[in-house]
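Remarks on the overall topology
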Amino acid sequence: QVELRESGPGLVKPSETLSLTCAVSGGSIISSNWWCWVRQTPEKGLEWIGEIYHSGSPNYNPSLESRVIMSVDKPKNQFSLMLHSVTAADTAVYYCARGANGHGYGLYWGQGIVVTVSS
Amino acid sequence: EIVLTQSPGTLSLSPGERATLSCRASQTVYSNFLAWYQHKPGRAPRLLVYGASTRAAGIPDRFSATGSGADFTLSISRLEPEDFAVYYCQQYYRSPNGFGQGTRLEIK
């Protein structure tokens, strides 16, 4: 059974960089799947941040593209999210997820991590 | 960018009733690359349907979904207490793989 687990700081100061990691167990990061990040706020609901394949080639939400970088760490079997220049609007529950059959829907999900942007 | 609009925003029903949720896309979602999720507070979203109509593993058959092109529907035939949650559709035909704004299914 594939399991995903998010980790990272729960509190980030405004204008700084949010960095999260998603550790993958029960499966390989180099499988034929997309790995993605989604966040949830009460105001917007679920928001797709972006996705990345193990070979790189990320796709980002245009609304966040100028601030987002995703990467894959094959030896550690994990992938990461960096969101620069954060504001209070980036306060959310962040989820990592994995697609299936080479598609971009979320079959497996992490439990989510609450990130608050505040000084 | 394909924008998904879900309706209604909130649906108030009683256990045992039937729920019908709609998801309309701003453009054709080719290959029916559309998924539905159930989301409860404090939990990860749960995949219900992919490919517009294929139930994910372990999803009860009271959940059914249909649609093609730009109009999609999720139905829950006989609501159980655990079905009250927020439901989202997502298209994964073309990046960005955006979600609809969600339908809140609440107990009447």
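Structure: above.
About the thresholds
- Residues numbered from 1 in each chain as written.
- Chains lettered and ligands numbered in written order.
- Predicted model: local features only at pLDDT ≥ 70, side-chain atom pairs only at ≥ 80, totals over all residues.
- Heavy atoms only, no water.
- Pairing = 2+ DSSP bridges.
- Helix = DSSP H or I, 4+ residues; strand = E, 2+ residues; numbered from the N terminus.
- Buried < 20%, exposed > 50% of the residue type's maximum accessible area, 1.4 Å probe, protein only.
- Polar contact = N/O pair within 3.5 Å; in protein donor to acceptor, adjacent residues only side chain to side chain.
- Contact = heavy atoms within 4.5 Å.

We now examine the sheet that holds strand E9 (residues 86-91) of chain B. Pairing in this open sheet of six strands is mixed, and the strands run E2-E10-E9-E4-E5-E6 (chain B) from one edge to the other. Bordering the open sheet on either side are strand E2 (10-13) and strand E6 (54-55) of chain B, each of which pairs with just one other strand.

What follows covers the pairing of strand E10 (residues 103-109) of chain A. All names here are of chain A. Direction of pairing for strand E9 (residues 92-100) relative to E10: antiparallel, over a ladder of three bridges. The partner of Arg 98 across the bridge, within E10, is Tyr 108. Hairpin geometry of E9 and E10 is characterised by an intervening segment of two residues between the two adjacent antiparallel strands and by a positive phi of about 55 degrees at Asn 101.

Along the chain, Gln 90 of chain B falls in strand E9. Judged by relative accessible area, which is 2%, Gln 90 of chain B ranks as buried. For Gln 90 of chain B, the side chain forms a polar contact with the side chain of Tyr 37 of chain B, separated by 2.6 Å. Polar contacts involving the side chain of Gln 90 of chain B include one to the main-chain carbonyl oxygen of Asn 97 of chain B, which spans 3.1 Å. In contact with Gln 90 of chain B, other than residues within four places in its own chain, are Trp 48, Gly 104, Tyr 105 and Gly 106 of chain A together with Leu 4, Phe 33, Leu 34, Ala 35, Tyr 37, Asn 97, Gly 98 and Phe 99 of chain B.

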